[in-house]
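# An overview of the molecular structure
One-letter residues, chain by chain:
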2 protein chains.
Amino acid sequence: MTDLAALAASLPPGAVLGPDEDLSAYETPWRGETGRAAFVVRPSDLDQLRETVRWLVGARQSVVVQGANTGLVGASVPGAGGAVAVLSTERLTGLLDVHAEDRAVTAGAGVHLSTLDERLAAHGLELPVDLGADPSVGGIVATNAGGARVLRHGDVRQRLLGLEAVLFDDNATVVGDLRPLRKKNDTIRVADLLVGSAGLLAVVSAATFGVTARERHRATAYLLVAGTVVETCRRLEEDLGSRVGALELVSGAALDAAVRRLPDLPDPFPGRSVDVALLVEVTGPGAQDALVEALDRLGPLVSDAAVLPPERAWALRHGLSEALAREGTVLGLDVSVPRDAIEPVRREVALVVEGLVPGARLADFGHVGDGGLHLNVVLPAAASLSDEAALRRAVYDVVTRAGGSFSAEHGLGPVNVVWWLEHEPAPARSALAAVKRALDPYGLLGTEALRDAVTEGGRR
Amino acid sequence: MTDLAALAASLPPGAVLGPDEDLSAYETPWRGETGRAAFVVRPSDLDQLRETVRWLVGARQSVVVQGANTGLVGASVPGAGGAVAVLSTERLTGLLDVHAEDRAVTAGAGVHLSTLDERLAAHGLELPVDLGADPSVGGIVATNAGGARVLRHGDVRQRLLGLEAVLFDDNATVVGDLRPLRKKNDTIRVADLLVGSAGLLAVVSAATFGVTARERHRATAYLLVAGTVVETCRRLEEDLGSRVGALELVSGAALDAAVRRLPDLPDPFPGRSVDVALLVEVTGPGAQDALVEALDRLGPLVSDAAVLPPERAWALRHGLSEALAREGTVLGLDVSVPRDAIEPVRREVALVVEGLVPGARLADFGHVGDGGLHLNVVLPAAASLSDEAALRRAVYDVVTRAGGSFSAEHGLGPVNVVWWLEHEPAPARSALAAVKRALDPYGLLGTEALRDAVTEGGRR
């Protein structure tokens, strides 16, 4: 650790935070368990990043790469051991180029989504990744961020035009490229492996995304669904085509919590009992009229509808997490299922939850248009850690039996790695371990539980 | 080779074509040099594919994977040596599932795009990959196929929801998954590396793509551009937003060849001298009116416009290659550039072509909306192979200096691998070599020139 001074000396002042400094901001995830960092290093550009990586590799220092630390599965903080360092990309903000003619943007790993959005807005553009949090570019790549606009615009993987990353090898090899081209097939894109890689393979230094014309016309409504959610979605899609911007499910339990706990939020159906509501957004010129006409055509599929200004409608949707957090301890399970399994899975999960832990209840919401569901379980005060583990297992069982995914958009982390070990066949885990060795030859990258699980995959 | 009988005996009749049979269909690419195959093997399902791979790996048999053999850069046929076998995916057609509610389709590697389209049409769906050829599913993945709809709908990489592939290791390991989910981040997607991998890393067995509602309304017109092509594109996009389905450039030289050589095709501007024309497609209800009104608003940017039925307009566009082939030997250079470089690059390339090879002339067309250009050079009868090499180098120089790509949508192959070696930095080539070793540990996969170039990357 004496060499840490040498690393610090080769970087700008404040780039290295030593073990005697307050590292808590880098050790505390947004959700999940607090860890302990050996030290923190924060390079400011590609050269400094490579210098840092060379030093870390030379010292065989284990590392967790951290962006804005808004991840929800624990992949952005080290474990409790205290031997793993944090490589923060927060200072990698110098690069931010809007390529207006090519409808693309190139940004350093540390640039926040909100900053990106501000810069794009000046050009009438937007990156259609809509999240409840404000992550950084490196983070949205490493988690393949999704959100409410995936239905219409795809996830980060689908918006990515270029990626630059630094490998943890002796040379701190740079892979990938940032050209804002829609078509380029002039190499095999090794760097693209980093999408959704949970910080296990390399560190993202910058990325280029395809962006879209900023949506100028939006209209939103909450529908009180009388038929099935899925049929309502399908009818809206058939009617409105690509004008449908979002389709979000809000359970009555989640809506009730929001209205009770956060009185500033609108109540779309005051005094009515809600089983399930659907938030629909329509885009394009004449959005409001198109929405109202489409609602008329839904007929008996909906028993009521509340057209709200988009800011109000989305404030309610984005307030659901906070409202539930005020209800008590929440177990957040981020899953996806084929669309025709949405309703049977919700019913089965509700029964499983109530049967398994007395007093627990499902208060779910989610991006139902793309099959995503946040199956939040409000736990009773008496619930134990083993109750949580049993709930997680039981819900994932229902979901995977229905052909779904136990991690829709939050990615892989210590929180769900046990399930990954059970779910992914051993030969495929072995292949991933081989790829990790190829890119991270000294096995330095990733939060411990995840890193060890993936590395072990190579030792059948 | 005596063991080949054992492989043949383990597969259905006709699956193995031995060295004494006529293998020419597997040795002759659509464009480029004919090779020689040691033998051909054609498994019919995943089990047979794994059996085949285990045999090939056991025999340390070098292999080129071949789909519909419609590639344009020579990556789908072996070289002339005769020692490399062809693994054809043409019989992997048993799997073809439309997931209508999830707007997705899962198909075996051997399923042709036309078959896929037919099946999707019955559900009112389509895979928006529009090409001049009829490749197979494995081929469009291995080349990351693009085409005329990338502007609106992205390339194959962006449409891919799932991928299943078999590695050339002792176990014939299956990687990836085919679930038709829009959101799944429950593993690190090693299989996705195969997108655009030119058959170098593994063999695709099946893929799942996101599809779209079949476009019911299209209107198309050719515009005689009086201003710049790029400004015309931008104005149309600002005016029509996501209703713009395609923007294709057709040079006067290419249009002239089509009209002269293929009299069944429409001539949008009879008797007029055309410098450059733009094919624009508008989609959605009221497409025809929207197109005509948008054309009015372009004012002096266009000097003439011919609204044609979409089938006629696209027949002309897709007939350009054949028309040019009748003009003489054509050197086809598939590049992309940032949009604001389109016009300077076209001008510079035209000068370079004429200056370098007397009698050669540029007759280009391309997917100008996404920056793609097919810089076709009609060669004089006297042109030599070294003229072709010099032209290729000079054009690629112009393109890469402008920030473009020397292979926009055709991918990597023997035809352009020399340029890849010059263009890709040695450390990045080394990283790719390491990944290739991780997935293809015996180095068996790929047409010789490409395989050797990539493998050599690991030996700095």
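Residues numbered from 1 in each chain as written. Chains lettered and ligands numbered in written order. Predicted model: local features only at pLDDT ≥ 70, side-chain atom pairs only at ≥ 80, totals over all residues. Heavy atoms only, no water.

## Remarks on the sheet that holds strand β4 (residues 85-88) of chain A
Which entries qualify depends on this criterion: Any two strands with at least two DSSP-identified bridges between them are counted as paired. Helix numbering and strand numbering both begin at the N terminus, where a helix is a DSSP run of H or I of at least 4 residues and a strand a DSSP run of E of at least 2.
The mixed open sheet is built from four strands, whose spatial order is β1-β2-β4-β3 (chain A). Each edge of the open sheet is held by one strand with a lone partner, namely β1 (16-17) and β3 (63-66) of chain A.

## Section: the interface of chain A and chain B
Heads up, the condition is: What makes two residues a contact is simply this: any of their non-hydrogen atoms within 4.5 Å. Put simply, buried area is how much 1.4 Å-probe accessible surface two parts lose in total, over both of them, once they are put together. We define a salt bridge as a contact between a side-chain nitrogen of Lys or Arg and a carboxyl oxygen of Asp or Glu at a distance within 4 Å. Pairs of N or O atoms within 3.5 Å make up the polar contacts considered here, provided that, within protein, one atom can donate a hydrogen while the other can accept it, and that residues adjacent in sequence are counted only when both atoms are side-chain atoms. Classification convention: Asp, Glu, Lys, Arg as charged; Ala, Val, Leu, Ile, Met, Phe, Trp, Tyr, Cys, Pro as nonpolar; all other residues, Gly among them, as polar.
Facing the 68 residues of chain A at the interface are 68 residues of chain B. Buried surface at the junction of chain A and chain B, both sides included, amounts to about 5500 Å², of which 53% is carbon and sulfur. Summed over the shared surface of chain A and chain B, the number is 10 salt bridges. The partner of Glu409 of chain A in a salt bridge is Lys183 of chain B, with the nearest N and O atoms 3.0 Å apart. Applying the counting rule to chain A against chain B returns 33 residue pairs in polar contact (both at pLDDT 80 or more). Sorting the residues of the side of chain A that touches chain B by element identifies α6 (150-153), α7 (156-159), β9 (174-177), α8 (229-240), α14 (417-423) and α15 (426-439) of chain A as the ones contributing at least two each. Among the residues making up the side of chain A that touches chain B, the classes are represented as 25 nonpolar, 20 polar and 23 charged.

## Details of α8 of chain A
All names here are of chain A. Cut-off, in case you're wondering: The span one expects for a helix is its residue count, reduced by one, times 1.5 Å. Residue burial is assigned from relative accessible area. The probe radius is 1.4 Å, only protein chains are included, and a residue is buried under 20% of its type maximum, exposed over 50%, and partly exposed in between. Here the arc refers to the directions that run from the helix axis out to each C-beta atom.
Its 12 residues place the ends of α8 16 Å apart at the C-alpha level, agreeing with the 16 Å of an ideal helix rising 1.5 Å per residue. Here α8 has its buried residues at Val229, Val230, Thr232, Cys233, Leu236, Glu237 and Leu240. The buried residues of α8 all sit within an arc of 160° when viewed along its axis, so they share a single face. One or two residues past the end of α8 sits Gly241, with phi positive at roughly 55°.

## Digging into the packing of helix α15 (residues 426-439) of chain B against helix α16 (residues 448-456) of chain B
Residue and element names in this part refer to chain B. Here is the rule we go by: Comment: axis = line fitted to C-alpha atoms, over the contacting stretch for helices; angle = value between 0 and 180 degrees taken between N-to-C directions. By definition in this entry, angles of less than 35 degrees are roughly parallel, angles greater than 145 are roughly antiparallel, angles of 65 to 115 are roughly perpendicular, and the rest are oblique.
Between α15 and α16, the shortest axis-to-axis distance is 7 Å and the interhelical angle comes to 110°. Classified by the angle between their axes, α15 and α16 sit roughly perpendicular to one another. Where α15 approaches α16, its residues Leu432, Ala433 and Lys436 are matched on the opposing element by Arg451, Val454 and Thr455.

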